[in-house]
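Listed here are the chains, written in short residue letters.
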Amino acid sequence: MSQTAEPNKIAEFEASLDELEKLVARMEGGEMSLDESLHSFERGIALYRSCQGALDEAQLRVKLLRDPAAPESAEDFDPQTP
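Not measured: the values here are computed from a predicted model. Within any chain, residue numbers begin from 1 and follow the written order of that chain's sequence. Under the rules for a predicted model, residues below a pLDDT of 70 receive no local features and side-chain atom pairs below 80 are neither given nor counted, while totals for whole chains, interfaces and linings still include all residues. Hydrogens are left out, water is left out, and the side-chain values use all remaining heavy atoms of the structure.

Is there a simple way to explain the layout of surface pockets in this structure?
Empty space among the atoms becomes visible once a probe the size of a water molecule is rolled across them. Space inside the largest pocket adds up to approximately 320 Å³. Lining the largest pocket we find 13 residues, and of these Lys9, Ile10, Phe13, Ala54 and Leu55 sit closest to its centre. Among the elements of the structure, α1 (5-29) and α2 (34-66) are those that each provide at least two residues to the lining of the largest pocket. Each residue receives one of three labels: charged for Asp, Glu, Lys and Arg, nonpolar for Ala, Val, Leu, Ile, Met, Phe, Trp, Tyr, Cys and Pro, and polar for the others, Gly being one of them. Grouping the amino acids of the lining of the largest pocket by side-chain chemistry returns five nonpolar, three polar and five charged. In the cavity and pocket records, a cavity denotes points on a 1 Å grid over the protein atoms alone where a 1.4 Å probe fits but cannot get out, a pocket denotes an open set with protein on both sides within 12 Å along at least 5 of 7 lines, and lining residues are residues with an atom within 4 Å of a point. Grid points are joined across faces, edges and corners, and a volume is the space filled by probe spheres set on the points. Secondary structure elements follow DSSP: runs of H or I of four or more residues count as helices, runs of E of two or more count as strands, with numbering from the N terminus.

For this particular structure, what's the right way to read the pattern of salt bridges?
Pairing between side chains of opposite charge can happen when the charged atoms of each approach one another. Put simply, a salt bridge is a Lys or Arg side-chain nitrogen that is within 4 Å of an Asp or Glu carboxyl oxygen. In this structure the tally under the stated criterion is three salt bridges. Taking the shortest distance from any N to any O, the salt bridge between Lys9 and Glu57 comes out at 3.4 Å. Here Lys9 is found in helix α1, whereas its partner Glu57 is found in helix α2, with 48 residues between them in sequence. Judged by its relative accessible area of 32%, Glu57 falls in the partly exposed class. Residue Asp18 pairs with Lys22 through a salt bridge whose shortest N-O separation is 3.2 Å. Within this pair, Asp18 and its partner Lys22 are both found in helix α1, separated by four residues, close to a single helical turn. Note on exposure labels: buried denotes an accessible area under 20% of the residue type's maximum, exposed denotes more than 50%, and partly exposed covers the range between, all computed with a 1.4 Å probe on protein chains only. Overall, the relative accessible area of 34% leaves Asp18 in the partly exposed class. Lys22 gets classed as exposed once you look at its relative accessible area, which sits at 54%.

Looking at this structure, I do not really get the side chain of Ser40. What am I missing?
Tracing the backbone shows Ser40 in helix α2. Residue Ser40 is classed as buried on the basis of its relative accessible area of 5%. Residues are treated as being in contact if the distance between any of their heavy atoms lies within 4.5 Å. In contact with Ser40, not counting residues within four places along its chain, are Leu23, Met27 and Met32.

Which parts of the structure should I look at to understand the side chain of Ser16?
As for its position among the elements, Ser16 is in helix α1. For Ser16, a relative accessible area of 13% gives the class buried. If sequence neighbours within four positions are ignored, Ser16 has contacts with Leu47, Ser50 and Cys51.

Any chance you could explain the environment of Leu60 here in plain terms?
Of note, Leu60 is situated in helix α2. By relative accessible area, which is 47% here, Leu60 ends up partly exposed. The spatial distance from the C-alpha of Leu60 to the C-alpha of Pro71 is 7.7 Å, given a sequence separation of 11 residues.

Listed below in structure tokens is the structure:
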């Protein structure tokens, strides 16, 4: 993976998360019609899946970095462990 592709993925994740947070705030406001709410819910699910996919990919990359020979047996990252 090129170094220029990595910042784009991070920017995409951050933009999706920001949009999702704004969408949730609008929906919680209660001022949307049923049709707008359904459309927003569908968009929110798509954004959530995109963000979750990016987080899953990042977790796999961390596992690969921690144990390249056997990433499936690498332990999850624990920020409390020095």
